[in-house]
Amino acid sequence: MNNFTRRNAWNNKGTFDNPDLKWYAEAVREMQTRSLDDPTSWWFFAAIHGSDWSGAKLPENVPSSPVPKKDVKDRYWGQCQHSTWFFPPWHRGYLYAFENVLRGIIQEKGGPKDWALPYWNYFGAGGQQHILPPAFNQKTMSDGSPNPLYIEERYGPKGDGVVYIDLSQVSQKCQQAPSYIGGQPQFYGGGVTGFVHYGKTAGALEYNPHNGVHNQIGGKTRGSIGLMSDPETAGLDPIFYLHHCNIDRMWAAWNASGKTNPKEKEWKDGPDATKDRTFYMPKPDQSPWEFTPEMVNDINKLNYTYEDLSLGVSEPHMTKSAFRLVNFGFEQDTAKNIDDMEQDSNTELIGANRGAIALDATGARTTVKLDTAGLNTVAKSFKNAISAKPSRNKKGLTLPDEVFLELEGIKGNADSNIYSVTVNQHFVGHVFLFGLRKASQKDGHHAASGLNIVFDITKVIDELHLSDQDVSELNSLDVVIQPTGPVYEDEKCTIERVSIYRKGQI
Ligand SMILES: [Cu+2]
């Protein structure tokens, strides 16, 4: 039995009638009285996530001194792991340390001994849970004192201060990802890296919902973005930790459904301490806790669980491979037992646009020319698949190539903006630019490589084929990227290259 259960913030209608929220507010208020150089202060914890606070307008009570001694700062600050396979475990250790500090304060104040951090499950049922829990929205407490959970610098998806999650843009589809290692949209946990504050490619959980929810909560107003829209300032918003608690819950639920975490030593041991920083968090007594992903890869090791560990999405009744086969005319009964066919697949670039494009207020439009040899391979893969007769043991069965659109080297400062992407007028997904500003800057020993975002456009190509279009004569694809809200003049964003890849058995 675990001693602590993290519960839904929307219990008791998400108000201060929910004791988890009431005590959270009490403890946040206490942490905010501590100084910036105290490892257990609110400000220090925010700086562990990100310490470059120049990207957004700050609330008045945020201190800029006293800065901790250099060795303390170098050990703890600016540590958060984004666009890397360390994203899930680093944030779990971070939340665990934060919760321990809060629980210590709550116990000292005579609160419940088993208090645990609540989560905001914006995907929850009932038609209401996608709205920011009301306790975060009121300016004052019942005694008239300022509410420590309220900040002004939270603008919401429309920029008008109304905070909710737009479920037409974010989803929990990532929960269906079959394996951990690799980038979005197919893989759960992220690509292999060392210690990396801002890497290039996020996993599915990190990209959508995590990044999308950040952008929607933070939003922007003219001249400034919300604290949650920039990873460097996000930890200053009290809703940050409830969002991350939900992301942590989703990871635990994904594991509970039978999916496994990496077994690689390079993941389990964390970044190589001889070449790099390792993960450190402060304990309630201010002493350091050094942790590795292996120490946090199972919530039972940390003595907590969640009120709800359901996956949130139904397991698909057919794999993507099976679904495609049925589309191509195979009998449902034959196809339905087919696992996803990922084995022996090769990836090849089959086209790219000419040069960088700017994303401005009107968005961007580009034609991606496809090369003949690559197209012929894709066309051949359709022929092979359609002529093969599947036998019970899958022998002789092939699937047409999968096709991906990649936006490479995205750079700029428009972190809060969200765009929709279409290929030949078919919607393929959203662009979330959370982390853009920092990924575009040289940071320590990391190059300014920008962000990479990948969309699975297999369905678009399948449909073109099914509508009797000869895929070998496609020549080019029309990619249109449109902002979902206003884009202001001082917001910059460029995409170095738009490219198309095929993935198949040849
Ligand atoms: Cu985050």
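Residues numbered from 1 in each chain as written. Predicted model: local features only at pLDDT ≥ 70, side-chain atom pairs only at ≥ 80, totals over all residues. Heavy atoms only, no water.

Student: Outline the coordination of the copper ion, listing residues and values.
Tutor: In this structure, His210 (NE2), His214 (NE2) and His244 (NE2) serve as the protein donors to the copper ion, at separations of 1.9 to 2.1 Å. Of note, the donors binding the copper ion are all from one chain and are spaced H-x3-H-x29-H. Here His210 and its partner His214 are both found in helix H5 (residues 204-218), four residues apart, which amounts to about one turn of the helix. We classify His214 as buried; its relative accessible area is 0%. (Donors = N, O, S within 2.8 Å, 3.2 Å for Na, K, Ca; no water. Helix = DSSP H or I, 4+ residues; strand = E, 2+ residues; numbered from the N terminus. Buried < 20%, exposed > 50% of the residue type's maximum accessible area, 1.4 Å probe, protein only.)

Student: Outline the side chain of Ser229, supporting the account with residue identities and numerical values.
Tutor: With respect to the secondary-structure elements, Ser229 resides in the loop between strand S3 (224-225) and helix H6 (240-256). Not counting chain neighbours up to four residues away, the residues in contact with Ser229 comprise His214, Asn215, Gly218, Gly219, Asp415, Ser416 and Phe434. (Contact = heavy atoms within 4.5 Å.)

Student: Any details on H6? Residues and values, ideally.
Tutor: An ideal rise of 1.5 Å per residue puts 24 Å on 17 residues; H6 measures up with 24 Å between its terminal C-alpha atoms. For H6, the buried fraction is high: 16 of the 17 residues fall into the buried class. Count one or two residues on from H6 and you reach Gly258, which has phi positive near 110°. (Expected span 1.5 Å × (residues − 1).)

Student: Describe the environment of Ala356, naming the residues involved and giving the relevant values.
Tutor: Assignment of secondary structure puts Ala356 in the loop between strand S7 (346-352) and strand S8 (357-358). Setting aside chain neighbours within four positions, we find Ala356 in contact with Ile495 and Glu496.

Student: Give me the lowdown on the packing of aromatic side chains, citing residues and values where you can.
Tutor: Scanning all chains against the criterion turns up 28 aromatic pairs. Between Tyr76 and Tyr280, the ring centres sit 6.5 Å apart and the planes meet at 70°, which makes this aromatic pair edge-to-face. Pair noted here: Tyr76 is in helix H3 (residues 70-76) and Tyr280 is in strand S4 (residues 279-282), with a separation of 204 residues, a long-range link. For Tyr76, a relative accessible area of 3% corresponds to the buried category. (Phe/Tyr/Trp six-rings, centres within 6.5 Å; stacked < 30°, edge-to-face > 60°.)

Student: Hey, could you go over the nonpolar core for me, with residue numbers and the actual values?
Tutor: Tyr24, Leu117, Tyr241, Leu405, Phe455 and Ile457 are the most contacted members of the largest nonpolar core, which totals 135 residues. With eleven residues, the single largest contributor to this core is helix H4 (residues 87-108). Each of domain 1 (4-306) and domain 2 (320-504) accounts for three or more of the residues forming this core. With sequence-adjacent residues up to four places away left out, Leu405 is seen in contact with Val421, Val423, Val428, Ile453, Val454, Phe455, Ile457, Val479, Val498, Ser499 and Ile500. (Core = buried A, V, L, I, M, F, W, Y, C linked by side-chain atoms within 4.5 Å. Domains from an automatic or database assignment.)

Student: Break down the domain arrangement of the protein chain for me, with residues and values.
Tutor: When the domains of the protein chain are assigned, the result is domain 1 (4-306) and domain 2 (320-504). Listed as interface residues are 37 residues of domain 1 and, on the opposing side, 34 residues of domain 2. Here domain 1 and domain 2 share an interface that buries about 2,800 Å² over both sides, 55% of which is from carbon and sulfur atoms. Summed over the three residues of domain 1 that lose the most area to domain 2, namely Lys200, Tyr207 and Lys220, the buried surface amounts to 22% of that side. Where domain 1 touches domain 2, the interface holds five salt bridges. The salt bridge involving Lys438 is made with Asp52; its shortest N-O contact spans 3.0 Å. (Buried area = accessible area lost by both parts, 1.4 Å probe. Salt bridge = Lys/Arg side-chain N within 4 Å of Asp/Glu carboxyl O.)

Student: Summarise the environment of Trp90; cite the residues concerned and give the values.
Tutor: Within the secondary structure, Trp90 sits in helix H4. Through-space distance from the C-alpha of Trp90 to that of Met281 is 10.0 Å; in sequence the pair is 191 residues apart. Look past the residues within four positions of Trp90 in its chain and what remains in contact with it is Ile48, His49, Gln79, Cys80, Gln81, Phe279, Met281 and Phe291.

Student: Let's hear about H5: which residues, and what values?
Tutor: Compared with the 21 Å implied by 1.5 Å per residue over 15 residues, the 20 Å span of H5 between its first and last C-alpha is a close match. Roughly 30° is the biggest bend found in H5, and it falls at His210. A large share of H5 lies buried, amounting to 15 of its 15 residues. Where H5 terminates, the next one or two residues include Gly219, which has phi positive at roughly 55°. (Bend = angle between axes of the 7 residues up to and from the residue.)

Student: Report on the pairing of strand S12 (residues 426-432), specifying residues and quantitative values.
Tutor: Burial of S12 is extensive: five of the seven residues sit out of reach of the surface. Two strands pair when backbone bridges link them, and strand S11 (residues 418-423) and S12 are joined in this way by six bridges, in the antiparallel orientation. What sits directly across from Tyr419, in S12, is Val431. Hairpin connection from S11 to S12: two residues lie between these consecutive antiparallel strands, with Asn424 at a positive phi of about 45°. (Pairing = 2+ DSSP bridges.)

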